[in-house]
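As a plain string of letters, each chain reads:
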Amino acid sequence: MDDPARLTPPEIGHGCKPMHQNVVTLSLLCVFMIMMTTHPIAGAMPELDRSLGAATAAVEGDRLIVSTGRIQRTWRLTGRGLATVGLTDLRSGRRWADAAATADADWSFPGFIEPDDEAKLVSLTAAPGDDDGFTGEHLEVVAEFEYPSSGAAVRYVVWAYPDAPGLRTQLFVKRLDAEAGEVAAAPDHPMIEVVTGRGYIAPGSAEVAGEAMASNLNHGKSVELHAKGLDARRRYVLGLSWWDWGGAGREQQVRVTSVDGETEYTIIPPTVLPAWKGKGQRPAELTAPAPGEVMLDDTFRVLIDKVSGVNANVSEVWLYESVEDDADADAIPVAGPAARIAAIAAKAPAGYRLAAYLNAGADYARVSRDDAPTARVDFLPLVSKGVVRRYLGYFNDMQNRNRPDTPVLREQVEAGSVEGEESVGWANMVSIEDGDAGVVVLKESHKCANQSGVDTGAFLLDDAGLHNTGAGRPLHADTSDFQWCWASWCIVYDGGDLGRQLAIKAFDRARYPVDLKTDMHMFSVLWYDSSEDRGRWHRGGNWQDEVLRDMAANAELGIDCVIIDDGWYHGKDRKQWRGSWRPHPEPWPSGWAPAVQKKRQLGLELGLWGIAQHISAEDMLWNWRQLGMIIFKLDFAGLDTRRELDEMIDKSRAFVAGADHTANVLWDNTENAPRFGYYWLRETGVLHSMNRKHLQPAKVTYIPWITLRDIWLLGKYQNLNQILLTTCIPSRVNPDASDARRHGADYAMATTLMGIPQIQASVRDYSSDEKRQLQRLIPVYKQHREAIFTSYVVPIGDEPSNRSWTGFQALRPDRDDGRLLIFRELHNDQPEATLKLEGVAGRTLTITDLLSGRSRDVTASASGEVMFEIPEAPGFLFLSYEIKSSTERIAN
């Protein structure tokens, strides 16, 4: 490759230099456009014949044909737009769609484009592109249509990466009859949103207490609310009303927590609710201050917990906000029953005003974001009879998913013919399979299996074919600018499970190329667990003296980059913070200069942390210019609206472009709020998927086998070299909550080595023995790190269970060597095991133990099985292998 630091997949885009280095040259030499005036809706399209490496785009009559050399898709020009009539796997020759179109167009926008409106093809363009350096080089095909009767326009964009197993399509829409305008700003006053709960009014209760008191939200465990739009400089008092209409003996408590759940206070202790039936008691009103420590991102969460009784319930919830001076003493407009609002406002404590109100049961009905009519952004006329459907989705909120029953991946297989229609709304992707071959359609969105996000839609399969719905609410404002919709990937494969995994990862790597300069590092992030962590304040680890000491310890251990986490921009009293994103003089009295001097002295890199929706691109770049960090972690996002999505795209791209692609973003995906997902916005950064701690909170305690289980599952359909994988210090983990202390530090570190390793602790806290283990492992790992980063990593063995033989294989389909990490888990009683390796069936291998240097020759079985030995559990092997006898290589 011309630039080994910017990876394209093996056999995909080989030899293509990153386009941001030579856009001008390509613009002069390669850009080709075919423009035309309004074209009739029927008949032939204009001539088009363009290529970029193996990628081609051509017109034949009324057909548009786009190919990468691996996949070919054909559209027919219809009276409604473009409709897919062909989809072919060019390697196998398999035709997945080869018939007359079963839809008028691949897209549909109910309520925006009238179903009988005739489309006019306005222009067709084809040119090389790389999205200003944010993706791999590809051939971009653009078709624009107007719908005169609807006053609408559609831009349809196809990206064909040379030799890739898939194509990316994306729609952009705009109104033709609207003036360009700005999206309305979000409200700047507090609000209360419902996270969990179901609205209910018991028959007869409203006549007794009025609808506001009678209506309620209930949940079997906890009603959860999210207070948003707060101001960290102010103080807040939470108020609520509750009632036990049925006299069921309810007892409840109220907790408030930070958005990440790590700071928590019980503000109302267990309390028996007043009961109407049997006692004649009326609803109670309670208030309690909300501690400012929970407002990390100007929000906090409220949990009304069931202590005993049928369920948890609450009738109303409100917030009083402190009035800091006469200038803001005016009342905030608060929606709700006028008499009730007036009554609650009149009870505000001295120096406070009513700022938000939720009439829990009456105001809230649990409606999915995707229940409303939604747009279709892609369609394939695939046969639904007799095919297997594999739905796949990854969970966010790993902050609350750290148990045996909460795996990070949901994989659901459906077989048999579809009767009527089959709709699945939780999946990131669906694989339509026939034998060992298949077609994957993937949503490039922030959808997660447990978080639908902003209009991410569903997959719907019926007799016509496969519909991919959910546009991302592009019509959120009247504007004459084109607005993006969620993109769609269409990927073909053969070769069964391995073929599916490799095809998804190959296309993912074409879409989001790995950059060795920013990604190929070992990271540590300094964060103390709590005040119980040796008496240290958790944010104090990110103050100047602590960071400088930790930088030296990281350099000694061989860690490449230290991320300065929360605490650098404010003093110990965070309530005094005034929104500045400069190093605060209390924690950093000399600004960033000492850190810059230390990193140059030690040859280290630095990273920084910020609140995603508070910090601006300008502030990020100011700190980059001063500190020179290679990664900027953005945390605490809540992307509930289209406006917030647009702002995050613009912010991250401005930062990466402003840093000349020498720094990127670390996307924190650990909460259940709609954040970044797994397949969106990675052109500007990599993922942080899980927090794991030593002492508290207990729900994120580091448990080696569960962490390994989730890494193993991530490795099925994610490129692990795009994810920071977390480890902790085994000797410091709470033994009452985890068996981590029965594992070596080298074992814990090894679980992360097939991705981007991250230590979530101060490395100074490793014991002497643990440091010796890592000083033996890390230099060996670094000798093989680039080979791992330039390979595809797939899970092997059994899914981790604390009793398994399990592991990972790093392979390249174009090479005859690879790397292995194999684990014998703590409670496995077999010192030997046979594991199936990929791509080695019937071959003779030389396997080398990279830590001991010992080698052996072995012949894999006809199915690729090889015997391994680990005498003691838990234990691991870090191995390389080289194939001595050659047969056909793996197809990807």
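Provided above is the structure to which this section pertains.
Residues numbered from 1 in each chain as written. Predicted model: local features only at pLDDT ≥ 70, side-chain atom pairs only at ≥ 80, totals over all residues. Heavy atoms only, no water.

Draft legend 1. Broad picture of the overall build of the protein. If you tally the helices and strands in the protein, you get 14 helices and 51 strands. Within the protein, contacts between residues at least 6 apart in sequence are counted, and of these 72% link residues at least 24 apart. Of the accessible surface of the protein, which amounts to about 32100 Å², a share of 47% is contributed by carbon and sulfur atoms. (Helix = DSSP H or I, 4+ residues; strand = E, 2+ residues; numbered from the N terminus. Contact = heavy atoms within 4.5 Å. Areas by Shrake-Rupley, 256 points an atom, 1.4 Å probe, with all protein chains shown as cover.)

Draft legend 2. Looking closely at the sheet that holds strand E25 (residues 376–380). Pairing is antiparallel across the open sheet formed by four strands, whose spatial order is E25-E32-E31-E28. Single-partner strands in this sheet number two, and they are E25 and strand E28 (421–424). Sheet twist, expressed as the mean angle between neighbouring strand axes with direction ignored, is 15°. (Pairing = 2+ DSSP bridges. Axes fitted to C-alpha atoms, helices over the stretch in contact; angles between N-to-C directions.)

Draft legend 3. Just the packing of helix H8 (residues 544–557) against helix H9 (residues 593–602), in detail. Interaxial distance between H8 and H9 falls to 10 Å at its minimum, and their mutual angle equals 10°. Regarding the angle of H8 to H9, the classification is roughly parallel. Together, Gln-544, Leu-548, Met-551, Ala-552 and Ala-555 of H8 and Pro-594, Ala-595, Lys-598, Lys-599 and Leu-602 of H9 make up the contact between the two elements. (Parallel < 35°, antiparallel > 145°, perpendicular 65-115°, else oblique.)

Draft legend 4. Structural context of empty space enclosed by the protein. One pass over the structure, following the stated rule, counts nine cavities of 30 Å³ or more. Here the largest cavity is characterised by a volume of approximately 210 Å³. Contributing to the lining of the largest cavity are 18 residues, with Pro-513, Asp-515, Thr-518, Asn-664 and Glu-683 lying nearest its centre. For the lining of the largest cavity, the elements supplying multiple residues, two or more each, are helix H7 (516–519) and strand E41 (685–688). Residues belonging to the lining of the largest cavity are distributed by class as follows: six nonpolar, seven polar and five charged. By volume, the second largest cavity amounts to about 160 Å³. Around the second largest cavity, the lining is made up of 18 residues, and of these Asp-260, Trp-527, Asp-565, Asp-635 and Asn-691 lie nearest the centre. Residue composition of the lining of the second largest cavity, grouped by class: five nonpolar, three polar and 10 charged. (1 Å grid on protein atoms, 1.4 Å probe; cavity = no way out; pocket = protein on both sides within 12 Å on 5 of 7 lines; lining within 4 Å. Points joined across faces, edges and corners; volume = space filled by probe spheres on them. Nonpolar A, V, L, I, M, F, W, Y, C, P; charged D, E, K, R; others polar.)

Draft legend 5. A look at the sheet that holds strand E15 (residues 215–219). With antiparallel pairing, three strands are arranged side by side in an open sheet as E14-E15-E22. The sheet is open, and its two borders are formed by strand E14 (198–201) and strand E22 (312–314), each paired with just one other strand. Shown here is a sheet whose adjacent strand axes are inclined to one another by a mean of 35°, direction ignored. Where E14 meets E15, four bridges bridge the pair, whose relative direction is antiparallel. Residue pairing in the sheet places Tyr-200 in a bridge with Asn-216 of E15.

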